[in-house]
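Below, each chain spelled out in residue letters.
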Amino acid sequence: MKSLLPLPVINKESATDLRASINQFQSNLNAVKALDLSIPLHEVLLSHLLIDHVDEVTRKQCEMKAVSQGVTELEAIIKFLEGKCQALELIHASQHPRNNNRSGISKQTKHPHVATHSPCIDVSSSGKQAYSRG
């Protein structure tokens, strides 16, 4: 799969570059078809995309599981990742217990407030508006 997805980027219009990219893609696609996979190609591609976007440790764990079971189905990968996520959440929760006050509401920190004066409009008897600091 890794050889199928990273095709060269064509930055300018070029028949030679476009032909080379098409030929590489078709060659890789034929190689994948020759594998006669038991699962649909779109699941293999989506699995690869998903695995490619997780951290290195998780990717290694998932790939080791895939090697031991043959080609892994997308649903199995998602279940594996969900299980790992739940385990990490439990580990995090046990390492960082929440503030356990009775009401379930955390205490608010008191901050001193500084009074500021904003400009006020003073309408004098002449009808003109003047700004003064209140």
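So, here is what we can say about the structure in this document.

Reading the values: rules and limits
Residues numbered from 1 in each chain as written. Predicted model: local features only at pLDDT ≥ 70, side-chain atom pairs only at ≥ 80, totals over all residues. Heavy atoms only, no water. Helix = DSSP H or I, 4+ residues; strand = E, 2+ residues; numbered from the N terminus. Buried < 20%, exposed > 50% of the residue type's maximum accessible area, 1.4 Å probe, protein only. Contact = heavy atoms within 4.5 Å. Areas by Shrake-Rupley, 256 points an atom, 1.4 Å probe, with all protein chains shown as cover. Patch = residues over 30% accessible without salt bridge, like charges linked within 9 Å, V, L, I, M, F, W, Y side chains within 5 Å. Salt bridge = Lys/Arg side-chain N within 4 Å of Asp/Glu carboxyl O. Axes fitted to C-alpha atoms, helices over the stretch in contact; angles between N-to-C directions. Parallel < 35°, antiparallel > 145°, perpendicular 65-115°, else oblique. Nonpolar A, V, L, I, M, F, W, Y, C, P; charged D, E, K, R; others polar.

## Regarding the overall build of the protein chain
Along its length, the protein chain carries four helices and two strands. Start at the N end of the protein chain and walk to the C end: the helices and strands fall as α-α-α-α-β-β. Burial statistics for the protein chain: of 134 residues in total, 13% are counted as buried. Taking all contacts inside the protein chain whose residues are at least 6 apart in sequence as the whole, residues at least 24 apart take part in 41%. Here the protein chain displays about 11,500 Å² of accessible surface, and carbon together with sulfur accounts for 56% of that area.

## Quick look at a nonpolar patch on the surface
Taken together, I10, L18 and I22 make up a surface patch of nonpolar side chains, about 230 Å² in accessible area. Counting through the fold element by element, L18 comes out in helix 1 (residues 15–34). Judged by its relative accessible area of 47%, L18 falls in the partly exposed class.

## What to know about the packing of helix 2 (residues 41–52) against helix 4 (residues 74–95)
Between helix 2 and helix 4, the least distance of the axes is 9 Å, while the angle of their chain directions is 25°. When the axis of helix 2 is compared with that of helix 4, the two are roughly parallel. Every residue of helix 4 that contacts helix 2 at E43, L46, S47, L50 and I51 is listed here: L74, I77, I78 and L81. Residue composition of the contact of helix 2 with helix 4, grouped by class: seven nonpolar, one polar and one charged.

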